[in-house]
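Letter by letter, the chains look like this.
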Amino acid sequence: MMKMTTNKFQKITVGIIFAWLIFFVFAPNFLVFIVSFLSKDVSNFYALPFTFENYARLFEPLYGTVVWNSLYMSVIATVLCLVIGYPFAFIMTKINEKYRPFLMFLLVLPFWTNSLIRIYGMKVFLGVKGILNEVLLSLGLINEPIRILNTEVAVIIGLVYLLLPFMILPLYSAIEKLDLRLLEAAKDLGANAFQRFVRIIIPLTMPGIVSGCLLVLLPAMGMFYVADLLGGAKVLLVGNVIKSEFLVSRNWPFGAAISIGLTILMALLIFVYYKANKLLNKKVELE
Amino acid sequence: MNRMLRNFFMFVVYAYLYIPIFILVGNSFNGDRYGLSWKGFSWNWYERLFNNDTLIQAAVHSVVIAFVGATLATIIGSLTAIALYRYKFRGKQAVSGMLFVVMMSPDIVMAVSLLALFMIVGISLGFWSLLLAHVTFCLPYVVVSVFSRLKGFDIRMLEAARDLGASEITILRKIILPLALPAIVSGWLLSFTLSLDDVVVSSFVSGASYEILPLKIYSLVKTGVTPEVNALATIMIVLSLVLVMVGQLIGRKHKA
Amino acid sequence: MEQTSQTKPIVELRSLRKAYGDNTIINDFNLTINNGEFITILGPSGCGKTTVLRLIAGFEEANGGQIILDGEDVTNIPAEQRHVNTVFQSYALFPHMTIFDNVAFGLRMQKVPESEIKTRVLEALRMVQLEEMADRKPAQLSGGQQQRIAIARAVVNKPKVLLLDESLSALDYKLRKQMQNELKSLQRQLGITFIFVTHDQEEALTMSDRIIVLRKGNIEQDGSPREIYEEPRNLFVAKFIGEINIFEATVIERIDEQRVRANVEGRICDIYVAQPVQPNQKLKVLLRPEDVLLEELDENEKSSAIIGHIRERNYKGMTLESTVELEHNGKMVLVSEFFNEDDPNIDHSLDQKVAVTWIEKWEVVLNDENDNQ
């Protein structure tokens, strides 16, 4: 009697979980996949026939360029996050253990506030009459206010602003695990600081680097509101393109294709992450 | 010398992260409408905020969605974590796989897919579409939170309970739930925050019938300066801070 | 032809000082190590032996004094530029590189041409009998194999000095014994100076040409294994190496140049003492368990020797180890007797009464010093 109740409970639980996931994760993604092969239809969003046209378009000059252009801002933002984040994470590992939890907490805290609001704050900061310009003017570093808003630079600044902690956390995790004795061994064998960095530190922290890039690049491509608020009408991220295709042009198939493209990129990066980990973790047993 | 450089660098990064927030908070009390110079302390904007009905309504809606969504996500997510931990069933990999997909997918990919789903199935965009979407993207975080905690348990304790005659539901209620509580609570808090914070998914799956905050703010800031937004922002920041503190305190109390 | 290793000093530590804040590890430390020696720095944990090694390697900076390597003052030269190599306790093999690349690493840093690298690496791997592992990764090797690779990686660079920091402590007993022998023969083969650090005195005795016993940063004794074992200079060294029995003695009078009559644990006998003594002076007479002789007595028999009773006996295959409780003060004496042709059947019963004596001249006599470590 007891066994039946247990089993029944199990069945219900698992059933709910499966149902939810199939309905809200598997089905939607599958639908998008299908739609990406359909054709444009203004009134119904999509229609037969099936076609590869949407994917081909990604590589066409007219449409494709918009997508690829928007890619490059995200890439630059990712690189910047890496360049700023790596030393930051490195320094963090050298800081007294006592202070670290607090510093980490400070780092993550902004994440708990609505990113839209923070971008708005950034907008005020960067404006022609904003604090940044005021400070620079008063310090005498510039003669007239610089127009940062409504440029790609502003968008990149915004992206880095929102995503930097996501790069720092996995980097910190990877650098912390670095076995310092390996660095000593490298020293012992004659490697100078640069050689140690390139041959030991980078390869061994690679999983963290890839992880960080994953956590930054993909969102960076999707955060259309950053482009909207800081970039103005002309500056677009991949997310803006997708949004406009879906909500404005009603060209669902093309929007779907771009979305699938993003997904493939994500899969690729995850694969790279897996490989980087494999380089360090070996699972073969011997003797 | 090295140390000074190091500390300066860290300080600059932290400043970069916090300055816009300080600006918002500062300006919410600033008499000057444009926030360009300090014109005296004022509660003005908070007053205007509370008189702005549409804004307040949108705020209430957001909180409702966050609350209900977090609760639902926590229930389903906790059950999922328990199921993954305790039960053997076919398709465990599939479940973890799908949860992983949700967590890793860029917001926009998920937004698009859910929009497609709702439109094709015929769910109109409004409260329900929002709720379902929010629960979905919060799920994996709850699962991870609860599952990690469960993994730390001695499984023999549960077997002992079984041996003593407890049914599954009893085990759940009397043993698993209480012990997993901190993780469940932090899962809820995390979901609540993620839901409040969401912009991308909400943009796609919400409709005019149920307005929520991000979109309202969006339209406001795009068109011009509305200093009420600063007041609202400040309130939200304080709210988030409080939530995080509460989360930390609960976590610390239950460090069994 | 007899190969006399050039007894020119290869490492000289002069007035070396190292401190961490208020904690001084070594101060005014002097040591000269000769080319071709297998020298072991032995001591309990915290004595500073690892610090000395790390100072020679360059991982720590000295707070004072000089480190001379092959005539050159390297005190301020960073580790990567010193011609010494270390075999680490944890092996520290690079997990992301193959065995070949690990061993080749030092050569590549020296910008040795690739063709030469290949030959030398394979040769080094052959020397440790792990040639076929060249393409594997460290995690695929066992502890003992990783150990040998760590050694290969160090020696392939032909360093002037090889430093080994408790390198064998992670291995199980049998493997350790095997490695000790391999290291010893490797050292003879290569002719490089080996500086070995360990807290295991048995290991030190097995492998070294010379042992430095360190305690709290001070050299307690510096000598060959035999000297350290048979002629310990103080109680610390005596106790640290092997088992030792300490008998209390009081001087009665000196008999001749070599011998002194004294009261040793209640028995009047003559002991061999080189240093000058005063009547009533307290001395310690040290005896290794294998130097003590036991003679069984009947319960009522009288003897002028030190009397005791067997309280424990353990058959150890090669030896019979007994613990004897001295009658007059209850002190426990450890005795180790070998089975041999003369005495194939030694055995003692518990509580057997015995007379405790020792082989003449095998005792070591030290001043009565404070026993605190």
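Residues numbered from 1 in each chain as written. Chains lettered and ligands numbered in written order. Predicted model: local features only at pLDDT ≥ 70, side-chain atom pairs only at ≥ 80, totals over all residues. Heavy atoms only, no water.

Focus: unusual backbone geometry
Here's step 1: One non-glycine residue, N150 of chain A, adopts positive backbone phi at about 65 degrees.
Here's step 2: By the secondary structure assignment, N150 of chain A is in the loop between helix 6 (131-139) and helix 7 (152-176).
Here's step 3: Judged by its relative accessible area of 51%, N150 of chain A falls in the exposed class.
Here's step 4: Residues other than glycine seldom take positive phi values, yet D351 of chain C does so here, at roughly 70 degrees.
Here's step 5: Tracing the backbone through its elements, the reader meets D351 of chain C in the loop between strand 18 (332-338) and strand 19 (353-358).
Here's step 6: Look at D351 of chain C and you get partly exposed, because its relative accessible area is 45%. (Helix = DSSP H or I, 4+ residues; strand = E, 2+ residues; numbered from the N terminus. Buried < 20%, exposed > 50% of the residue type's maximum accessible area, 1.4 Å probe, protein only.)

Quick look at the interface of chain A and chain B
Here's step 1: Across the contact, 76 residues belong to chain A and 79 residues belong to chain B.
Here's step 2: Counting the surface lost from both chain A and chain B, the interface buries some 7,400 Å², and carbon and sulfur atoms represent 82% of this.
Here's step 3: Interface area lost by chain A to chain B is led by W20, W112 and Y120 of chain A, which between them contribute 10%.
Here's step 4: In this assembly, chain A and chain B are joined by zero salt bridges.
Here's step 5: Run the count over chain A and chain B and you get nine residue pairs in polar contact (both at pLDDT 80 or more).
Here's step 6: Tallying contributions element by element places helix 1 (residues 2-35) of chain A first for the side of chain A that touches chain B, with 19 residues. (Contact = heavy atoms within 4.5 Å. Buried area = accessible area lost by both parts, 1.4 Å probe. Salt bridge = Lys/Arg side-chain N within 4 Å of Asp/Glu carboxyl O. Polar contact = N/O pair within 3.5 Å; in protein donor to acceptor, adjacent residues only side chain to side chain.)

With respect to the packing of aromatic side chains
Residue and element names in this part refer to chain A.
Here's step 1: As enumerated under the stated definition, the model contains 23 aromatic pairs over all chains in all.
Here's step 2: Between the aromatic rings of Y86 and F197, the centroid separation amounts to 6.0 Å while the plane-to-plane angle is 85 degrees, which identifies the pairing as edge-to-face. With a gap of 111 residues between them, Y86 in helix 3 (residues 61-94) and F197 in helix 9 (residues 193-222) connect regions that are remote in the sequence.
Here's step 3: Taking the relative accessible area as the measure of exposure, F197 reaches 33% and is therefore partly exposed. (Phe/Tyr/Trp six-rings, centres within 6.5 Å; stacked < 30°, edge-to-face > 60°.)

Notes on the sheet that holds strand 19 of chain C
In a beta sheet, neighbouring strands are held together by backbone hydrogen bonds and run either parallel or antiparallel to one another.
Residues and elements named next belong to chain C.
Here's step 1: Strands sit in the order 15-19-16-17-18 across an open sheet of five strands; the sheet is antiparallel. With partners counted over all chains shown, the strands left at the sheet margins are strand 15 (292-297) and strand 18, one partner each. In this sheet, neighbouring strand axes are inclined to one another by 45 degrees on average, regardless of whether the strands run parallel or antiparallel.
Here's step 2: The pairing of strand 17 (residues 319-326) with strand 18 spans seven bridges and is classified as antiparallel. Among the inter-strand pairings, L320 is bridged to a residue of strand 18, identified as E337. (Pairing = 2+ DSSP bridges. Axes fitted to C-alpha atoms, helices over the stretch in contact; angles between N-to-C directions.)

Focus: the nonpolar core
Here's step 1: Of all hydrophobic cores here, the largest spans 211 residues; its most connected members are Y225 of chain A together with I195 of chain C.
Here's step 2: Sort the elements by how many residues they give to this core and helix 7 of chain A lands first, with 14 residues.
Here's step 3: Other than its neighbours up to four places away in sequence, Y225 of chain A contacts S115, L116, I119 and L162 of chain A together with V199, V200 and Y218 of chain B.
Here's step 4: Counting 37 residues, the second-largest nonpolar core is a separate cluster that includes V87, V128, A150 and M179 of chain C. (Core = buried A, V, L, I, M, F, W, Y, C linked by side-chain atoms within 4.5 Å.)

Quick word on the UniProt feature "domain: ABC transporter" (unreviewed entry) in chain C
Here's step 1: Mapped onto this structure's residue numbering, the UniProt feature "domain: ABC transporter" (unreviewed entry) falls at residues 11-241 of chain C.
Here's step 2: Between the C-alpha atoms that bound residues 11-241 of chain C the distance is 26 Å, and the span itself is 36% helix and 27% strand. (UniProt positions renumbered as here; feature names shortened; annotations may be inferred.)

Regarding the UniProt feature "transmembrane region" (unreviewed entry) in chain B
Residue and element names in this part refer to chain B.
Here's step 1: UniProt tags residues 7-29, 58-85, 97-121, 127-150, 171-190 and 229-250 as "transmembrane region" (unreviewed entry).
Here's step 2: This span, residues 58-85, is 100% helix and 0% strand, and a straight line between its end C-alpha atoms measures 39 Å.
Here's step 3: The span residues 171-190 is 100% helical and 0% strand by assignment, and the distance between its end C-alpha atoms comes to 26 Å.

Looking at the confidence of the model for chain B
Here's step 1: Model confidence for chain B is summarised by a mean pLDDT of 82, while 94% of its residues fall at 70 or above.
Here's step 2: By mean pLDDT, the top-scoring element of chain B is helix 6 (residues 127-151) of chain B (89), and the lowest-scoring one is helix 7 (residues 155-163) of chain B (77). (pLDDT = per-residue confidence, 0-100.)

What about the pattern of salt bridges?
All names here are of chain C.
Here's step 1: The final tally for this structure, using the stated rule, is 33 salt bridges over all chains.
Here's step 2: Here K18 and E60 are joined by a salt bridge, their closest N and O atoms 3.9 Å apart. Here the residue K18 occupies a position in strand 1 (residues 9-20), and E60 occupies one in the loop between helix 1 (49-57) and strand 4 (64-69), the gap between them amounting to 42 residues. The pair formed by K18 and E60 is uniform in burial state, with each residue classed as buried.
Here's step 3: Here R176 and E203 are joined by a salt bridge, their closest N and O atoms 3.0 Å apart.

Overview of helix 6 of chain B
Here's step 1: Here helix 6 of chain B spans 36 Å end to end across 25 residues, near enough to the 36 Å set by a 1.5 Å rise per residue.
Here's step 2: Of all bends in helix 6 of chain B, the biggest is about 35 degrees, found at C138 of chain B, and the proline P140 of chain B comes one to four residues later. (Expected span 1.5 Å × (residues − 1). Bend = angle between axes of the 7 residues up to and from the residue.)

Some points on the pairing of strand 8 (residues 193-198) of chain C
Residue and element names in this part refer to chain C.
Here's step 1: Buried residues dominate strand 8, accounting for six of its six residues.
Here's step 2: Judged by which residues are buried, strand 8 turns out to be covered on both faces: T193, I195 and V197 on one side and F194, F196 and T198 on the other are all buried.
Here's step 3: As judged from the five bridges shared by strand 3 (residues 38-42) and strand 8, these two strands associate in the parallel manner. Paired with I39 across the two strands is I195, which belongs to strand 8.
Here's step 4: With five bridges joining them, strand 7 (residues 161-165) and strand 8 adopt parallel strand pairing. Residue pairing in the sheet places L163 in a bridge with I195 of strand 8.
Here's step 5: For the crossover that starts at strand 7, traverses helix 5 (residues 173-190) and ends in the parallel strand 8, the hand is right-handed. (Right-handed = clockwise from strand over helix to strand, strands pointing away.)

Topic: the arrangement of the chains
Here's step 1: When the two pairs of chains in contact are ranked by number of contacts, first place goes to chains A and B.
Here's step 2: Spatially, chain B is disjoint from chain C: no contact exists, and the shortest C-alpha separation is 18 Å.

A word on the interface of chain A and chain C
Here's step 1: Across the contact, 23 residues belong to chain A and 27 residues belong to chain C.
Here's step 2: Carbon and sulfur atoms supply 62% of the area buried between chain A and chain C, which totals about 2,400 Å² over both sides.
Here's step 3: Of all the secondary-structure elements, those providing two or more residues to the side of chain A that touches chain C are helix 8 (180-188), helix 9 and helix 12 (252-280) of chain A.
Here's step 4: Here the side of chain A that touches chain C gets seven residues from one element, more than from any other, and that element is helix 8 of chain A.

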